[in-house]
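One letter stands for each residue in the lines below.
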Amino acid sequence: MSAGVRARRPTTPPLGFSNVTPSAHKYPPSLSRKDDLDADARRQAASKGYGPGHKSYAPGGLDITSGEWKLLVVVLIVATLVRMFRISHPSSVVFDEVHFGKFAGRYIKTRYFVDVHPPLAKLLITAAAFLFGFDGDFDFKDIGKEFVNVPYVAMRMVPATLGIATIPLAYLTLRALDCKASTALLASLFLTFENGLVTQSRHILLDSPLVFFTALTIFLFVGFSNEDRHQPFSESWWAWLVLTGLSLGAVVSCKWVGLFTIATVGVCTILRLWLLLGDTRVSLRTWSRHFFARALCLIAIPILFYMTMFEIHFLILGSSGDGDAFMSSEFRQTLGHGMPDTFADVAIGSQVTIRHVNTQGGYLHSHLHNYPGGSGQQQITLYPHRDENNLWLVLNATTDNYPQYDFEHQPIEYIKHGSRIKLRHIVTDKALHSHDVRPPVSDVDFQNEVSGYGLTGYTGDLNDDWVVEIYKGDRNDKESSKRLKTLRTHFKLRHLMTGCYLFSHAVKLPEWAFDQQEVTCNKQAVKANSLWYIETASKHPQLPPNAERVNYKIPGFLSKFWELQKVMWTTNSKLTDRHVYDSRPWSWPFLERGINFWVKDHKQIYLIGNPFVWWSSTVSVITYMLIRGLLILRAKRGYRDFENTKLVKYDMLGGFLFTGYALHYLPFFLMSRQLFLHHYFPALYFAILLSSVAFDFATSALRPRIRLQVACVLIIVAVLTFDKFSPLAYGSPWTRSKCNNAIWVRTWDFACQEFHDDVTSIQAATSNKSILGATIGGEPGGRAAVIVDDVVDVAHAAKGETSTMIPLGGAEPGRDVFAQRESKEVKSSRSRPEVVSPEEKERVVSVVGGTTEGISEVSNKDYTPNPPQQGGSTSEQATLQGGHHKTEGPLDQAEALANEVAHELYPDDNR
């Protein structure tokens, strides 16, 4: 490159952007240059760091020699060996494979689920699982659970393959940015031996696909920018632009973090269009063509690609699943078991189900379990699933010595605004009741408890009476504004005696109410949380056979798509609970803490980066900011640094990569949600490329041979550092002393206590593994002997399952936010409770458990959504015998007994 060329000094660009002039034709810089440039064009090229160009132009500006392609093949082989080495180990669930492996099973079973991430990466993993015969039966329940009939190697190879493919993309990107081959080689090998990226890409996780599509997008955009400089609107130009748009769609379809990649490309595109607008040689018509071409390919195509992934998602998940509870009733109608048509008219004597308009539309619900405090009367909750415990009989409000309305024979009486009614729970024969008693959770003066009260044959009292207040009806049905109509009328229920309104909000009751949602009577009720509607109404005896029926309107794709986006956004923003291995963004560049993925059999998988690669990239980022700030200050003082063509070139390269780094890193400071070290990986990719550009600049004056020798020294250091921490990436045997010596930062919390003391112990443990552990059973006439390692999980042994117990402080999966909102199922038999004398007061019944069917399962820290089966019934009549309660609810007797034994044996083991 000619350093003697001088041009008129341009104005200093803003911080973070390269020094470009209004006549510039691209950003980031291009390698593509022509030989037939006029004098002005040559001066302009010189001011941007360009020297005499090549005589031929390679597509995308990739002037790669045949020797480089051979070198790239060697690098690819090395990357494959590093990432595929012992990928079958461990043969048990690791970290968030608990979630993403389970999602693959849901896809194969076509059971609807909800996740905070878009579907592309999960679909790729599912495709591999399906092709290799996975039937979806394995539940991926716990970290450490051994795989059975699961093609987990094929599933892990999807992120591993994409992790391998990221390596040549880094090489090609730097070469397209006009960096030297030794620089591109350095970056590719830094990425190859980056422990964190290796660990993340070897398991069924989503970050490796995310980083791959981020790298692919940046490579394609750089290639397009080179084509834009060479010959706009050519076939090659359109190809690079369309591929960039498709890659943008793919990156945001893996995780919403891909929006930061869209922002990077968007900032560069806006700057490019701004510079074109100031170039008087570009007509407005030509500028418009540039604008609309970019709008079509970089906005419309990514949106269409993103929506297509959700269309595939909806087409596959056509059956009801544990994600139903988070969607509207209209959405549920598309999930295989839609609600049958129901009667439109509601009158005294109708059997109805009542839904809350807000908070995901749960049903007004009751069951045969009492509040442990307050009045001790029967619980009233909000429950998200269809169930016979949601059925209520609408009666007119009467008291003793007042004739009851005979709805079976007397003329039909519709429910109008101001009607005074009672609601009788059909299964338990209790009335919806409220009184001046504080609720069990929202214990404030303006909230009253709502309970089920009464006895069979007892008419009730005034605290059972509610006044209907119609809020609005359907604009296409004028009658629905005057009287209650199924699905069409929104109404409030005002308690006659206290004036409070039936109310529910997003507050969960404790386990004694099976984590269902609280229902209260609120004197200061927010309108949105006090509105209800009738979902179903049974045929009234006085209605004609051809009475009007109604049902939900089946939503189209756009309605379903938009609803799911809102659910994902809302729940993602509520991911604020702390995790034992979460971290904040300020600590990521300094690698202050990793994530414990897996601990078992005296081995550990721990996500930690390569300290040399990691810290050198952080130093490069900080150095760029300092130097760029110094150059701006010097420019203000009249120094002519930006007339140095070499400095301008590297400033442009560094500015582009720093922009990508900042846009992938800084937004996390605005998030209060749960964050982990792996959220830094896209930013780390840009930081590693920036460190390589810094190397290119620092060695630009050296002879090629010396530059290559310096690169080799850096690569050797990176490989040695990788090797030191590789047992944590591969879950290989390690000694306690080596583990302790590897703790370079005091906040690195490796499980060194889990490793053997020396190599001899490792060899002994390997050779005698079959005889280590405790033996259970084997008694004459008893069950067969079972040998287990170390400690037996009694609860699982009682059920005949392999122990998957994680030591205290061991690995935990990330939180599945949708699990928090699941309600445990409580069903009652249709048989009415026996008649109790009015003199006997209602008692508090404490419930420990019940049926295991459909109950959410707890794994380590969180439980994943496994909502109740819908339909059917289970007898749950609670009785008092000698002051002890029958163990009913989410655990059957055997499992409850096993858990009690396990707790007695291992009180420190938090299951």
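Here the structure is a predicted model, which is why all the values come from computation and not from measurement.

Reading the values: the criteria
- Residues numbered from 1 in each chain as written.
- Predicted model: local features only at pLDDT ≥ 70, side-chain atom pairs only at ≥ 80, totals over all residues.
- Heavy atoms only, no water.
- Helix = DSSP H or I, 4+ residues; strand = E, 2+ residues; numbered from the N terminus.
- Buried < 20%, exposed > 50% of the residue type's maximum accessible area, 1.4 Å probe, protein only.
- Areas by Shrake-Rupley, 256 points an atom, 1.4 Å probe, with all protein chains shown as cover.
- 1 Å grid on protein atoms, 1.4 Å probe; cavity = no way out; pocket = protein on both sides within 12 Å on 5 of 7 lines; lining within 4 Å.
- Points joined across faces, edges and corners; volume = space filled by probe spheres on them.
- Nonpolar A, V, L, I, M, F, W, Y, C, P; charged D, E, K, R; others polar.
- Core = buried A, V, L, I, M, F, W, Y, C linked by side-chain atoms within 4.5 Å.
- Salt bridge = Lys/Arg side-chain N within 4 Å of Asp/Glu carboxyl O.
- Phe/Tyr/Trp six-rings, centres within 6.5 Å; stacked < 30°, edge-to-face > 60°.
- Lys NZ or Arg CZ within 6 Å of the ring centre and 35° of its normal.
- Patch = residues over 30% accessible without salt bridge, like charges linked within 9 Å, V, L, I, M, F, W, Y side chains within 5 Å.
- Lys, Arg positive; Asp, Glu negative; His and termini not counted.
- Polar contact = N/O pair within 3.5 Å; in protein donor to acceptor, adjacent residues only side chain to side chain.
- Contact = heavy atoms within 4.5 Å.
- Disulfide = S-S within 2.5 Å.
- Expected span 1.5 Å × (residues − 1).

Chemist: Account for the overall build of the protein chain, with residues named and values stated.
Modeler: Along its length, the protein chain carries 22 helices and 22 strands. Expressed as a percentage of the 911 residues in the protein chain, the buried residues total 57%. Counting every atom, the protein chain has about 38600 Å² of accessible surface; 58% of that belongs to carbon and sulfur.

Chemist: How would you sum up empty space enclosed by the protein? Please name residues and give values.
Modeler: In this structure the tally under the stated criterion is 10 cavities of 30 Å³ or more. Of the voids in this model, the second largest cavity is the one considered here, and its volume is about 90 Å³. Lining the second largest cavity are R83, G163, T166, I167, L191, L197, Q200, S201, D207, S208, V211 and F681. Elements with a minimum of two residues in the lining of the second largest cavity: α5 (152–176), α7 (195–201) and α8 (207–230). A per-class count over the lining of the second largest cavity returns 5 nonpolar, 5 polar and 2 charged.

Chemist: I'd love a proper account of the nonpolar core, names of residues and values included.
Modeler: Counting 153 residues, the largest nonpolar core has Y112, F140, F597 and F750 as its most contacted members. Within the second largest apolar cluster, 34 residues are counted, among which are I380, L423, V450 and V519.

Chemist: Just give me the short version of the pattern of salt bridges, but keep the residues and values in it.
Modeler: Under the counting rule described, the total for this entry stands at 29 salt bridges. Notably, a salt bridge pairs K422 with D465, separated by 2.6 Å at the nearest N-O pair. Of this pair, K422 sits in strand β6 (residues 420–425) while D465 sits in the loop between β8 (447–453) and β9 (466–472), and the two are 43 residues apart along the sequence. Its relative accessible area of 5% is what places K422 among the buried residues. Taking the shortest distance from any N to any O, the salt bridge between D429 and R424 comes out at 3.1 Å. When its relative accessible area of 10% is taken as the criterion, R424 is described as buried. Each member of the salt-bridge network shares a partner with another, and the members are D477, K485, R488 and E548.

Chemist: Hey, could you go over the packing of aromatic side chains for me, with residue numbers and the actual values?
Modeler: Aromatic ring pairs are defined here through the distance separating the ring centres and the angle between the ring planes. Summed over the entire model, instances satisfying the criterion amount to 52 aromatic pairs. Ring geometry for Y665 and F669: centres 5.2 Å apart, planes at 80°, overall edge-to-face. Classification of Y665 as buried rests on a relative accessible area of 8%. Taking the relative accessible area as the measure of exposure, F669 reaches 43% and is therefore partly exposed. Between W734 and F755 the ring centres are 5.6 Å apart and the planes differ by 90°, which places this aromatic pair in the edge-to-face class. Of this pair, W734 sits in the loop between α17 (704–730) and α18 (736–741) while F755 sits in the loop between α18 and α19 (759–767); the two residues are 21 residues apart in sequence, bridging distant segments of the chain. As far as the burial class goes, W734 and F755 line up, both buried. Taken together, the aromatic side chains of F260, W588, W614, Y661, Y665, F668, F669, Y680 and F681 make up a single cluster linked through ring pairs. Over the ring of Y414 we find R483, and its NZ or CZ is 4.0 Å from the ring centre.

Chemist: So what's going on with a nonpolar patch on the surface? Which residues, and what values?
Modeler: Together, F590, I622, M625 and L626 give the surface a local cluster of nonpolar side chains, amounting to about 390 Å² of exposed area. As for its placement among the helices and strands, F590 is situated in the loop between α13 (557–573) and β15 (595–600). Looking at F590, the relative accessible area reads 43%, which means it is partly exposed.

Chemist: Account for the side chain of D464, with residues named and values stated.
Modeler: Checked against the element boundaries, D464 lands in the loop between β8 and β9. Buried and without a salt bridge, D464 has K422 as its closest oppositely charged side chain, separated by 4.2 Å. Side chain to side chain, D464 and H433 meet in a polar contact 2.5 Å long. Those residues within four positions of D464 in sequence are excluded, and the remaining contacts are I421, K422, A431, L432, H433, Y453 and T459.

Chemist: Help me get a handle on the state of the cysteines, residues and values and all.
Modeler: Overall, the coordinates contain 2 disulfides when judged by the stated rule. At a sulfur-sulfur separation of 1.9 Å, the disulfide partner of C500 is C521. Taking the sign of the torsion about the S-S bond as the criterion, the disulfide between C500 and C521, at about 100°, is right-handed. Of this pair, C500 sits in the loop between β10 (490–495) and β11 (501–508) while C521 sits in strand β12 (residues 517–522), and the two are 21 residues apart along the sequence. Taken individually, C500 and C521 each receive the classification buried, so the pair is uniform in this respect. Should the bonded cysteines of the protein chain be numbered as they appear in the sequence, the pairing reads 1-2, 3-4.

Chemist: Give me α17: which residues, what numbers.
Modeler: Residues spaced three or four apart along an α-helix point in a common direction, a consequence of the helix completing one turn every 3.6 residues. With 27 residues, α17 extends 36 Å from end C-alpha to end C-alpha; this agrees with the ideal 39 Å at 1.5 Å per step. Of the residues making up α17, those classed as buried are R707, A711, I715, A718, T721, F722, F725, S726, P727, L728, A729 and Y730. Buried residues in α17 make contact with α2 (66–84), α6 (181–192), α7, β16 (603–607), α14 (611–636) and α16 (681–698). Within two residues after α17, G731 carries a phi angle of roughly 65°, on the positive side.

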